[in-house]
Amino acid sequence: EVLTAEVSALKGTGLEDLEDKIQLMAELLNLRANPNRMAEGVAVEARMERGLGPVATTIVQRGTLRVGDIIVAGSEWGRVRKLLINGVE
């Protein structure tokens with residue numbers, strides 16, 4: 001079975017629905033990250049946020065992302081300063 005979600009990067013709609021569906025499938029398939037592997041994944045969006053600086057919404061596909069890890073996206077890079085999951089630290 002394949003779940004689908006309509007999303008629009010231009011309008012910023014559908015991302016919560018996509019996240020909910022990803023979490024549902026992860027629970028149903030009992031997916032767990034390897035805590036000893038470096039994180040690999042994709043950046044869904046990136047923005048500048050007052051008080052935080054550059055903020056990226058990511059999907060970690062393998063491994064575990066930790067504070068202090070270095071993120072590389074294209075030719076840009078940065079260090080993870082804070083992890084928020086659903087807006088909660």
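Refer to the preceding data block for the structure.
Residues numbered from 1 in each chain as written. Predicted model: local features only at pLDDT ≥ 70, side-chain atom pairs only at ≥ 80, totals over all residues. Heavy atoms only, no water.

A.B. asks: Explanation requested: the overall build of the protein in the structure shown.
C.D. replies: If you tally the helices and strands in the protein, you get one helix and four strands. Each helix and strand of the protein, ordered N terminal to C terminal, gives the series α-β-β-β-β. Taking the principal axes of the C-alpha coordinates as reference, the protein spans close to 35 × 35 × 25 Å. Within the protein, the proportion of its 89 residues that are buried is 4%. In the protein, once contacts between residues fewer than 6 apart in sequence are set aside, the share between residues at least 24 apart is 27%. Accessible surface, the protein as shown: approximately 7,800 Å² in total, 54% of it carbon and sulfur. Side chains of the protein give 11 positive and 13 negative charges; the mean places of these two sets differ by 7 Å. (Helix = DSSP H or I, 4+ residues; strand = E, 2+ residues; numbered from the N terminus. Buried < 20%, exposed > 50% of the residue type's maximum accessible area, 1.4 Å probe, protein only. Contact = heavy atoms within 4.5 Å. Areas by Shrake-Rupley, 256 points an atom, 1.4 Å probe, with all protein chains shown as cover. Lys, Arg positive; Asp, Glu negative; His and termini not counted. Charge placed at Lys NZ, Arg CZ, Asp CG, Glu CD.)

A.B. asks: Looking at this structure, how should I read the pairing of strand 1 (residues 40-49)?
C.D. replies: Looking along a regular strand, one sees the side chains alternate between the two faces of the sheet. In this sheet, strand 2 (residues 53-62) lies alongside strand 1 in antiparallel orientation, the contact comprising nine bridges. The residue bridging Met 48 from the neighbouring strand is Pro 54, located in strand 2. With antiparallel pairing between neighbouring strands as the criterion, strand 1 and strand 2 make up a hairpin whose turn holds three residues, including Gly 51 at a positive phi of roughly 90°. (Pairing = 2+ DSSP bridges.)

A.B. asks: Honestly, unusual backbone geometry in this entry has me stumped. Any pointers?
C.D. replies: Among all residues except glycine, the phi angle is most often negative; among peptide bonds, the trans geometry is most common. With a phi close to 55°, Asn 30 is a non-glycine residue in the positive phi region. Here Asn 30 shows up in the loop between helix 1 (15-28) and strand 1.

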